[in-house]
Amino acid sequence: MSLREIVWDTETTGLDPFSGDKIVEIGAVELINHVRTGKSYHQYINPLRSMSEEVIRVHGLTEEFLSDKPTFEEICDDFLAFIGSDSALVAHNAVFDMKFLNYELEQVGRQPISNDRVIDTLIIAKKKFPGSRVNLDELCHRFNIDNSNRTVHGALLDSELLADVYLELLGGKEPGFILSQEEDILSSQSVEEVVSQKKLHPARDYPIPEEDYQNHLSFIQSLKDAMWLKEEKNDTP
């Protein structure tokens, strides 16, 4: 049975939906058995409200840009269809994103999503690297993930970066993939058959120049009380 996970992120007008803040962007990417499939979801959303300049500097989305975009109510069914009814939802600081998503869903008469489906990479990273900074940029740096295009926060780009971070937090991209391949081979072939199929390189010959060999012998003979010479004497019957 395939494991389907959705790595996702939001951008918002502020920090608190209960004070009137809204989602302005949603991005998500699909993983199947911890492998990115290439399928993604991305949508800008008209929040029908103003934003502070400070918030705009974070994600770069202006009221003018968002003015002709659909509302959350208009896009929520497409988003719910993409994430499905039972896929795990992976987010960084998931409490923030889930708070906004469930508030928006309730406002348009949809059922909130259970936290049982949520995987929070922030919690995983804090456990794995206690005492270290574990924001998305720091984790990208730690795992050598290129985030040079992240000049501002963007829901789709951040989801793509987080997908790579998440796989690294699990132990590396496609964890267990190579092992499972080898197990499949061994289950159908003997060890001798597998070894015989390996590409073995011929032994390489490194001859010692005669001059170097003679210099080495002279050096050995000049040594006094060498440890291995003592051992050879002690071993003599």
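Structure: see above.
Below is a summary of the structure that appears in this document. Just so we're clear, the structure is a prediction, and the values are computed from it rather than from any experiment.

## Re the packing of helix α3 (residues 72-83) against helix α4 (residues 94-107)
Okay, so step 1: One way to put it is that α3 packs onto α4 with a least axis distance of 10 Å and a crossing angle of 115°. It follows from the interaxial angle that α3 and α4 lie roughly perpendicular. In this structure, α3 meets α4 at a crossing whose hand is left-handed. Contact residues: Phe72, Phe79 and Leu80 in α3; Leu101, Glu104 and Leu105 in α4.
Okay, so step 2: Split by residue class, the contact of α3 with α4 holds 5 nonpolar, no polar and 1 charged.

## Notes on the environment of lysine 69
Okay, so step 1: Tracing the backbone shows lysine 69 in the loop between α2 (63-66) and α3.
Okay, so step 2: Between the alpha carbons of lysine 69 and valine 24 there is a distance of 9.3 Å; along the sequence they are 45 residues apart.
Okay, so step 3: Ignoring any residue separated from it by four or fewer positions in sequence, one finds lysine 69 in contact with Tyr44, Ile45 and Asn46.

Conventions adopted
Residues numbered from 1 in each chain as written. Predicted model: local features only at pLDDT ≥ 70, side-chain atom pairs only at ≥ 80, totals over all residues. Heavy atoms only, no water. Axes fitted to C-alpha atoms, helices over the stretch in contact; angles between N-to-C directions. Helix = DSSP H or I, 4+ residues; strand = E, 2+ residues; numbered from the N terminus. Parallel < 35°, antiparallel > 145°, perpendicular 65-115°, else oblique. Left-handed = near helix turned anticlockwise from the far one by under 90°. Contact = heavy atoms within 4.5 Å. Nonpolar A, V, L, I, M, F, W, Y, C, P; charged D, E, K, R; others polar.

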